[in-house]
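Summary of structural features
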Amino acid sequence: MELDEIDTVGVVGAGTMGNGIAQVAATAGYDVVMRDVEQRFVSAGFEAIDDSLDRLVARDELTREEADRARGRIDGTTDLDDLADCDLVVEAVTEDMDVKQSVFSDLAETCDPEAVLATNTSTLSITTIASAVDRSERVLGLHFMNPVPVMKGVEVVVGEKTGEETLALGHAFAEDLEKETWEADDKPGFVVNRILMPWINEGIRAYDEGVAEEADIDRGMTLGTNVPMGPLELADHIGLDVVLDASETLHEELGDRYQPAYLLKRKVAAGDLGKKTGAGFYEYD
């Protein structure tokens, strides 16, 4: 399949990553079908898209007409069968192997055999996810960064049986969304999270052990290494539960150097998950 053969893009999952992927695909001119298991999740996804498009218009990054056209290209549904005519489907559901394999198994029955199936997983094995379908050569990882409309990178991950044509299409599709790509083998955490999770956890440990206050740890890292956001603030934006899940997956696969910080576990247990709950390492309105 060539890039010009992709007319309709499916997105499974209308959460933070899913609605972001749906938005950038629609902005690039693709028709999009965004599916989630309940209508309330689909509706929340559309609210997030509307808010994001409004911000882009306010910053003069899109015209009102361009934003309206993008919004009009997205259909929402709770029925997986509505993805039957999609040429490429990106799965963006929870980071749980059983859930992802179930989604891929259903997609393989629903979609055309020529359709490309991509997963937005940040840590889980592409090869294992692809084992749930009979077309492993048409499965790859497309790991978008959060927030999708803002971040310019997409990690293209190669499973054991990912075909060369599928791989080339993944790069071309991401680049058509005005993203830049890099390629990673199907190893735990790929490039980004393999390096990012220990960095975040070490920042949490430094705070927990009294090396410095939260703001000084983040200020030190932003000014000292020229990153846009320090480890504690970034963890709050990602979601401490998401950071913990990713760290636990990497710990299981790669050993003690990826062990989650104790304070991270404690905050997640307390329900302080970062910006989305109003409190994490910082407090938010």
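Residues numbered from 1 in each chain as written. Predicted model: local features only at pLDDT ≥ 70, side-chain atom pairs only at ≥ 80, totals over all residues. Heavy atoms only, no water.

A short note on the side chain of serine 136
Along the chain, serine 136 falls in the loop between helix H5 (126-130) and strand S6 (139-144). With a relative accessible area of 16%, serine 136 lands in the buried category. At 3.2 Å, the side chain of serine 136 and the backbone oxygen of alanine 130 are in polar contact. Sequence-distant contacts of serine 136, that is, excluding residues within four places in its chain, are made with Ala130, Ser131, Lys161 and Thr162. (Helix = DSSP H or I, 4+ residues; strand = E, 2+ residues; numbered from the N terminus. Buried < 20%, exposed > 50% of the residue type's maximum accessible area, 1.4 Å probe, protein only. Polar contact = N/O pair within 3.5 Å; in protein donor to acceptor, adjacent residues only side chain to side chain. Contact = heavy atoms within 4.5 Å.)

Here we look at the UniProt feature "domain: 3-hydroxyacyl-CoA dehydrogenase NAD binding" (unreviewed entry) in the chain
Under the UniProt annotation, "domain: 3-hydroxyacyl-CoA dehydrogenase NAD binding" (unreviewed entry) lies at residues 8-181. Taken as a whole, residues 8-181 contains 42% helix and 21% strand, while its terminal C-alpha atoms sit 21 Å from one another. (UniProt positions renumbered as here; feature names shortened; annotations may be inferred.)

Let's talk about the nonpolar core
Residues Met34, Leu88, Leu142 and Phe144 are the most contacted members of the largest nonpolar core, which totals 41 residues. Leucine 142 has contacts with Ala118, Thr119, Asn120, Val154, Glu155, Val156, Gly170 and Phe173, leaving out every residue within four places of it along the chain. (Core = buried A, V, L, I, M, F, W, Y, C linked by side-chain atoms within 4.5 Å.)

What to know about helix H2 (residues 39-58)
Helix length check: H2, at 20 residues, gives a terminal C-alpha distance of 29 Å against a target of 28 Å (1.5 Å per residue), a fit within 8%. Within the span of H2, buried status applies to Val42, Gly45, Phe46, Ile49, Ser52, Leu53, Leu56 and Val57. Buried residues of H2, seen end-on, are gathered within an arc of 140° and therefore sit on one face of the element. Exposed positions of H2 whose direction lies more than 90 degrees from the buried face are Arg40, Glu47 and Ala58. Buried residues along H2 sit in contact with helix H1 (16-27), strand S2 (31-35), helix H3 (64-72) and strand S3 (74-77). (Expected span 1.5 Å × (residues − 1). Arc of directions from axis to C-beta.)

Side note on the side chain of serine 122
When you line up the elements, serine 122 lands in the loop between strand S5 (116-119) and H5. The residues touching serine 122, leaving out its near neighbours within four places in the chain, are Glu95, His143, Gly189, Phe190 and Asn193.

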